[in-house]
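Here's the letter readout for the chains.
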Amino acid sequence: MQLTFLGASGMVTGACYLLEAGGLRLLVDCGMFQGKEEGLNRKPFGFHPGSLDGVILTHAHIDHSGRLPLLRKQGFSRPIYTHPATADLAAIMLMDSAHIQEADAERENRKGRRAGRHLVEPLYTQNDARAVVNLFRPIPYGQLVRLNDSVEIRLQDAGHILGSAIVEVFETDDKGRTVKLVFSGDLGQPHRPILRDPALIDEADYLVMESTYGNREHEPLESTRAALAEVIRSTISRGGNVVIPAFAVGRTQEVLYQLNALAEEGQLPRRLKVVLDSPLAIAATEVTARHREVYDEAAANRVHDGDDPFSFPGLVMSHTADDSRALNESKEPMVIISASGMCEAGRVLHHLKHNLWRPDSTILFVGYQAEGTLGRRILQGAAPVRILGEEVAVRARIESLPGLSAHADQAQLVAWVGGLKKPPLQTILVHGEGDAREELARVLMERGHRVMLPVLGQSLSLPASGRVVSHKAAKAAAAPVEPEPYRVAVPDGDALSLSAKRMAALLRELKAVRKAWNSHGAHLPAGQAEELARRAADLQRDLEEIRLLIEAASD
Ligand SMILES: [Zn+2]
């Protein structure tokens, strides 16, 4: 086997590893670089996308999946193996990401045109995202999949977000010797709500492991919940808002789950208004509610008892941009959960602009903030900060609850590695910034591991160990199945007739907007003309989405 590190090596974003094994060229993850590494997204991949035989996607987070549409755009057309829940989540996340890429390029070009600059192309479009989603081949946890005569793969539950997976790769040579490589993917914390604990792996010749919190210990869940309740009670009683920047997938659902439980225990103010202000987070919550097959026992019991764990009185979904804007004008104190989690884009920027300067409001971070992101700067006490081109004072209370993290901490990572009967020939640490990775390396070396910290672009050959890995489960498994192509979930008849009605309404509005444009467009002040053009583009996009839904249903 040969492994090349093309992302998340000495950093936490852009996860991407090229694995050459048994005559196959496979990619494990194809994530977006974020924060200070963002510029790397426009650099060449370091291989020809058309030469790949497949991709294995560990989970839907954009720092693991975000460059898949770019891969498609540059000629990749083979299967993407992933868990069914990840397929559903990644489908909505990649469409959202493509929309952001298109909108960013459009904004850039509006400015660029005035400044006489060359126009930029979006990194990828919604068409690229749609095309890549069609390549998904969902496989459940524990199912052995044979890729060719010598390579098999299997996914195991990583307990990080819905559908997240640890990847086991088995390569067997013609003498029957098997070498086993394990990618931990992102590992979750054990004993957390909703998801099961990360699966323990008992054997690995080589291990590629994340190290995000390799130098940290999280607060216990109980004190984290108590702190969450306290922050909300004190902020609301001051008349301020609690703004929670949260990853649309994972953190948002865990925060909702905790708020639901705290509300039931009477620990939150009565009639507390909680707004989920992110269309992506709303869609991801719907996907989470659907995939009950991956819930842990407690969450499954809640559902069984008739409770919807992601819903409670006072919870409001904010769908449209108008709903979102209205929140900033409201005097009523509330909790606003909004994306993106690291404050790099999205509606959360508006909420920060309207709340950071208010001493009665609180900004509550619940997830990892990578170097170079606005979230990290606010956490480190930067003031004032620039948001959407405006200087904003920082007077709000700034709080962080790393205990709600989707990532295992140092002790949990070490405990997970302890599931191996003996240390691998080589333990390779990725997905961690400098100190975190080095500290975890030190702790693992004390426990007898040979640890390696690859740098970006480094290649490593992983020779067969010369011993026969038992590969028991693999032999015992029934004949490996060929995964079915991915089918985008299609709404039922009721939803379709609603879509058709909505389509008619959107068309009417589009006609009105066009009419307004034709009669006054040229004479409108710049702001209003742009608003009109934007509205027309929004309407067209909504219409296109509904058209695709109806088309998919009639296939
Ligand atoms: Zn992740």
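Residues numbered from 1 in each chain as written. Predicted model: local features only at pLDDT ≥ 70, side-chain atom pairs only at ≥ 80, totals over all residues.

> Got a sec to walk through the overall build of the protein? Specific residues and values, please.
Of the regular secondary structure elements, the protein holds 16 helices and 22 strands. Relative to the globule expectation of 24 Å for 555 residues, the C-alpha radius of gyration of the protein, 24 Å, shows essentially globular dimensions. With the principal axes as the frame, the protein shows a C-alpha extent of 75 × 50 × 50 Å. In the protein, which comprises 555 residues, the proportion classed as buried is 44%. (Helix = DSSP H or I, 4+ residues; strand = E, 2+ residues; numbered from the N terminus. Rg over C-alpha atoms; globule rule 2.2 N^0.38 Å. Buried ≥ 20, exposed ≤ 12 C-beta atoms within 10 Å, placed from the backbone.)

> Account for the nonpolar core, naming residues and giving values.
Counting residues in hydrophobic clusters, the biggest one holds 136 residues, and the most contacted among them are Leu89, Met93, Leu94, Val167, Ile244 and Val335. Among the elements that make up this core, the one with the highest residue count is helix 3 (residues 84–115) (nine residues). Shared between two domains, this core holds at least three residues of each, these being domain 1 (2–216 + 406–475) and domain 2 (221–404). What valine 335 contacts, discounting residues up to four positions off in sequence, is Ile232, Val242, Ile244, Leu272 and Val274. (Core = buried A, V, L, I, M, F, W, Y, C linked by C-beta atoms within 7 Å. Domains from an automatic or database assignment. Contact = placed C-beta atoms within 7 Å.)

> Summarise the packing of helix 3 against helix 7 (residues 279–290); cite the residues concerned and give the values.
The geometry of helix 3 relative to helix 7 is characterised by a closest axis approach of 10 Å and an angle of 170° between their N-to-C directions. Taken as axis vectors, helix 3 and helix 7 run roughly antiparallel relative to one another. For the pair helix 3 and helix 7, the contacting residues are Ala85, Asp88, Leu89, Ile92, Met93 and Asp96 in the first and Leu280, Ala283, Ala284 and Val287 in the second. Here the residues of the contact of helix 3 with helix 7 are counted per class, giving eight nonpolar, no polar and two charged. (Axes fitted to C-alpha atoms, helices over the stretch in contact; angles between N-to-C directions. Parallel < 35°, antiparallel > 145°, perpendicular 65-115°, else oblique. Nonpolar A, V, L, I, M, F, W, Y, C, P; charged D, E, K, R; others polar.)

> Help me get a handle on the sheet that holds strand 6 (residues 136–138), residues and values and all.
Sheet strands pair via backbone hydrogen bonds, and the direction of the pair is either parallel or antiparallel. One open sheet accounts for seven strands, arranged 6-5-4-3-2-1-22; its pairing is mixed. Only two strands of the sheet have a single partner each, and these edge strands are strand 6 and strand 22 (459–461). Looking at each pair of strands side by side, their axes are set apart by 25° on average, direction ignored. (Pairing = 2+ DSSP bridges.)

> Give a description of helix 5 (residues 221–238) that names residues and reports values.
With 18 residues, helix 5 extends 26 Å from end C-alpha to end C-alpha; this agrees with the ideal 26 Å at 1.5 Å per step. Listed as buried for helix 5 are Arg225, Leu228, Ile232, Thr235 and Ile236. For helix 5, the angular spread of the buried residues around the axis is 110°, confining them to a single face. Away from its buried face by more than 90 degrees, helix 5 exposes Glu222, Ser223, Glu230 and Ser237. If you follow the buried residues of helix 5, they end up packed against strand 12 (242–245), helix 6 (251–264), strand 15 (335–338) and strand 16 (362–365). Of the residues trailing helix 5, glycine 239 is marked for its positive phi of about 90°. (Expected span 1.5 Å × (residues − 1). Arc of directions from axis to C-beta.)

> Describe in detail the sheet that holds strand 16, supporting the description with residues and values.
Reading across from one edge, 14-13-15-12-16-19 is the order of the six strands in this open sheet, with parallel pairing throughout. Only two strands of the sheet have a single partner each, and these edge strands are strand 14 (315–317) and strand 19 (397–400). Neighbour-to-neighbour, the strand axes of this sheet turn through a mean angle of 20°, independent of strand direction. Examined bridge by bridge, strand 12 and strand 16 share two bridges and lie parallel to one another.

> Lay out helix 3 in plain terms, naming residues and giving numbers.
With 32 residues, helix 3 should cover 46 Å at 1.5 Å per step; its first-to-last C-alpha distance of 46 Å lies within 8% of that length. A positive phi of about 75° marks glycine 116, the residue just after helix 3.

> Tell me about the confidence of the model for the protein, and please be specific about residues and values.
A residue-level look at the protein finds 93% of positions with pLDDT of 70 or above and a mean pLDDT of 89. Per-element averaging of pLDDT across the protein places helix 14 (residues 472–476) at the bottom with 45 and strand 4 (residues 54–56) at the top with 98. Ignoring residues within four places in sequence, the model shows residues 468–479, a span with pLDDT below 50, making 15 contacts including any to other chains. (pLDDT = per-residue confidence, 0-100.)

> How would you summarise the packing of helix 12 (residues 410–417) against helix 13 (residues 434–446) if you had to cite specific residues and measurements?
In contact at an axis separation of 11 Å, helix 12 and helix 13 are set at 40° when each is read in the N-to-C sense. Put simply, helix 12 runs oblique to helix 13. Crossing of helix 12 against helix 13: the hand is right-handed. Here Gln410, Leu413, Val414 and Val417 of helix 12 lie close against helix 13, whose contacting residues are Leu440, Val443 and Leu444. Among the residues making up the contact of helix 12 with helix 13, the classes are represented as six nonpolar, one polar and no charged. (Left-handed = near helix turned anticlockwise from the far one by under 90°.)

> A description of the pairing of strand 10 (residues 178–183) should follow, citing residues and the corresponding values.
Across the six residues that make up strand 10, a large majority, six, are buried. The loop that links strand 9 (residues 165–172) with its antiparallel partner strand 10 comprises five residues; one of these, glycine 176, has a positive phi angle of about 85°. Summarising the sheet, strand 10 and strand 11 (residues 206–210) pair through three bridges and their orientation is parallel. Within the sheet, the bridge partner assigned to valine 182 lies in strand 11 and is leucine 207.

> Requested: an account of the pairing of strand 2 (residues 16–21), with residues and values cited.
Of the pairings in the sheet, the one linking strand 1 (residues 2–5) to strand 2 comprises four bridges and is antiparallel in character. Looking at the pairing, threonine 4 lines up with leucine 18 of strand 2. Taken together, the six bridges between strand 2 and strand 3 (residues 24–30) define a ladder with antiparallel strand orientation. The partner of cysteine 16 across the bridge, within strand 3, is cysteine 30. Here strand 2 folds back onto strand 3 in antiparallel fashion, the turn holding two residues, of which glycine 22 has a positive phi close to 50°.

> How would you sum up the environment of alanine 516? Please name residues and give values.
Checked against the element boundaries, alanine 516 lands in helix 15 (residues 493–520). In this structure, the C-alpha to C-alpha distance between alanine 516 and alanine 529, residues 13 residues apart in sequence, is 10.0 Å.

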